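Working through the structure, step by step
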Amino acid sequence: MRAYYVIKSYSSFWKHYHELRSGDLILTRLPLKKGDYPLLLDLTERGVLSYPSFLAQLLSQSKCLQAEILKEFMPPQTKVIRGKVDLLNYMQETSYEGKVIVKKDRANCGLGVHLFQSLEEVFNLAGTQALEFPFVIQPFFPKWMDIRVIIFEGLYAEAYIRENSSNFRQNLFFGGKSKTYELSPEELEFCYRIMKRGKFSQAHLDLAYIEGEGPFLSEINLKGGIKGAQITQAEYEKLSLELERKYFEDWAKDHSPYVFL
């Protein structure tokens, strides 16, 4: 019986992919292309483990997966649009006539977030190079409070409000300002529910209050920028490594001997 494999790099993952078996551990993020996503299903079926979890990694890479898997936490009338029929059904079901937000599947920093004046305007572009399927659609909510939350499970949590008076995108990448926000126990519990569903041990969560109602989940990622946060980059990396160490030590109790690859 061979030792359990602990995969520590992307290159090692590809080198040993076909040798991986139940109990082996992938201890690194995998920057897979969209066409490689089904490989994670194969690995799961083989019993291969991962930190961060396969699910958290996929959710971090896809706005559409977030909107589907974490739908219960999202703002009302948020939907994944995979084709023209989906869009037509959405138009009929909602009868919505105002402005809408479209999020491209794999864009970050607000670069894939677009404001359209109507659903008809979206329909006219949907499926072209300018707006390829799939994408996420939701109503435009003008009274939107944006809260960025950074959590390392059981170790650290902080939050800050992001505001931008000159752009509907609230993120700091587009010139927004931040101010410290104190999470309530209910808001923190909401974040942990989301993280549990997506199997995140650490996360950047963007929460929203819409006309005072909420919180709702806007987006989530394993990592992100910390501009506006109180935590330093060194502290951030230390906490991230601490969570990885804890996971590995728990795994190693039942998986010995093992070898790093």
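As a reminder, the structure under discussion sits directly above these lines.
Scoring rules and cut-offs
Residues numbered from 1 in each chain as written. Predicted model: local features only at pLDDT ≥ 70, side-chain atom pairs only at ≥ 80, totals over all residues. Heavy atoms only, no water. Pairing = 2+ DSSP bridges. Helix = DSSP H or I, 4+ residues; strand = E, 2+ residues; numbered from the N terminus. Axes fitted to C-alpha atoms, helices over the stretch in contact; angles between N-to-C directions. Contact = heavy atoms within 4.5 Å. Buried < 20%, exposed > 50% of the residue type's maximum accessible area, 1.4 Å probe, protein only.

This paragraph deals with the sheet that holds strand β9 (residues 156-163). The sheet built from 5 strands is open, its strands ordered β10-β9-β8-β11-β12 with antiparallel pairing. Only two strands of the sheet have a single neighbouring strand rather than two, namely β10 (177-181) and β12 (213-221). Within this sheet the neighbouring strands show an average axis-to-axis angle of 30°, counted without direction. In terms of strand pairing, β9 meets β10 through 5 bridges, oriented antiparallel. Bridge pairing in β10 places Ile161 opposite Lys179. Sitting on the sheet, helix α8 (residues 233-252) touches β8 (144-152), β9 and β11 (202-210), and the angle it makes with β8 is about 60°.

As a further point, take the pairing of β11. Counted residue by residue, β11 has 9 buried out of 9 residues, so it is predominantly covered. Side chains of β11 alternate between two faces, with Gln202, His204, Asp206, Ala208 and Ile210 and Ala203, Leu205, Leu207 and Tyr209 buried alike. Sheet analysis places β8 next to β11, joined by 9 bridges and oriented antiparallel. Paired with Arg148 across the strands is Asp206, a residue of β11. Direction of pairing for β11 relative to β12: antiparallel, over a ladder of 6 bridges. Its bridge partner lying in β12, Ala208 is registered against Phe216.

The subject of this paragraph is the sheet that holds strand β1 (residues 4-7). With parallel pairing, 4 strands are arranged side by side in an open sheet as β3-β2-β1-β13. With partners counted over all chains shown, the strands left at the sheet margins are β3 (49-50) and β13 (258-260), one partner each. The pairing of β1 with strand β2 (residues 25-26) spans 2 bridges and is parallel. Among the inter-strand pairings, Ile7 is bridged to a residue of β2, identified as Ile26.

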